[in-house]
Amino acid sequence: MRIGELAVAVGVTTRTVRHYHHLGLLPEPERRPNGYRDYTLRHVVVLARIRRLTELGLGLAEVRDVLADDAGRDLAEVLEELDADLARQEAAIRERRDRLRALLDRGANLPAEGPVSPELAALLTGMAHGPESPMAARDREVLALIDTVASPENRKRLMAALGSAFETPAAVARAHEVYALLDALADADPHDPADPRVDEAARALADCLPDSLLTERDLAPGLDDGFLRSLYADVAPAQAEAVRRAMRMFTERGR
């Protein structure tokens, strides 16, 4: 049997057959005196098995491991691993589709920071009811970052904890009062003892943070460590100082 006949019999291309020869997956047959390879039924069986395994989703390295054991004792284990991997992919695709559907259902109410999770989209909707604020815009960017890097479970818990800060009109108004205090520090000196605004903004921010967040701080990068400092490195010094003080007050509240 010539290489073309072998390829047609199994439903692959001659280039694929040669590639499998090169990788050592398919043994090369003896050559006839005229130089042509002479394929046998054994080659057809092996090539057909390779095709079946690759169609199941196995990589060629995994196919090599299966073929190395002629008794097929490792095949069940390889297929179980493949099934578990496909299940994980299926769950991830289902979760992404659920997020996409939730965003599409919001229509014109999609947040400017989107696409984001439904949990963050709901939180951003609550934050939007108030005057525009540069510090509020920065917080939305930080939340979008956390929304991206957190696991789905942690994201839901964290956003639920943060959501209580915006769950009522009074809470929303209070949050925007805090943003106004922080915005007013844009040109302030954080070390001016005669300017009480830094401490005032810090206390207001600490008081605004919901107690529910105290039990969920392990779900996101530390709120008072280098991560926080890097996120707020380009805001005004007085604003960054107010945030640092607020985080210290908030942490002490949980002790």
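Whatever comes next refers back to the structure up there.
Residues numbered from 1 in each chain as written. Predicted model: local features only at pLDDT ≥ 70, side-chain atom pairs only at ≥ 80, totals over all residues. Heavy atoms only, no water.

Caption draft 1: The environment of Arg96, seen in detail. Of note, Arg96 is situated in helix H5 (residues 75-106). Placed 21 residues apart in sequence, Arg96 and Ser117 show a C-alpha to C-alpha distance of 9.3 Å. (Helix = DSSP H or I, 4+ residues; strand = E, 2+ residues; numbered from the N terminus.)

Caption draft 2: Focus on the packing of aromatic side chains. Going through the model one piece at a time under the given rule, you end up with zero aromatic pairs. A cation sits over an aromatic face here: Arg2 above Tyr36, 4.0 Å from the ring centre. (Phe/Tyr/Trp six-rings, centres within 6.5 Å; stacked < 30°, edge-to-face > 60°. Lys NZ or Arg CZ within 6 Å of the ring centre and 35° of its normal.)

Caption draft 3: A look at the pattern of salt bridges. Evaluated as defined, the whole model comprises eleven salt bridges. Residue Asp199 pairs with Arg203 through a salt bridge whose shortest N-O separation is 2.9 Å. Here Arg203 and Asp199 lie together in helix H10 (residues 197-208), a separation of four residues that amounts to about one turn. A relative accessible area of 27% means that Asp199 is categorised as partly exposed. Each member of the salt-bridge network shares a partner with another, and the members are Asp199, Arg203, Glu241, Arg244, Arg245 and Arg248. (Salt bridge = Lys/Arg side-chain N within 4 Å of Asp/Glu carboxyl O. Buried < 20%, exposed > 50% of the residue type's maximum accessible area, 1.4 Å probe, protein only.)

Caption draft 4: View of the nonpolar core. In this structure, Leu120, Leu123, Phe166 and Leu185 are the most contacted members of the largest nonpolar core, which totals 43 residues. Those elements that provide at least two residues to this core are helix H6 (118-127), helix H7 (134-149), helix H8 (152-163), helix H9 (169-183), H10 and helix H12 (237-253). One finds Leu6, Ala7, Val10 and Leu53 within the second-largest nonpolar core, a separate group that totals 19 residues. (Core = buried A, V, L, I, M, F, W, Y, C linked by side-chain atoms within 4.5 Å.)

Caption draft 5: View of helix H4 (residues 60-68). By the burial criterion, the buried members of H4 are Val63, Val66 and Leu67. Considered in projection along H4, the buried side chains sweep an arc of 95° and stay on one side of the axis. Along H4, exposed side chains directed more than 90 degrees from the buried face belong to Ala61 and Ala68. (Arc of directions from axis to C-beta.)

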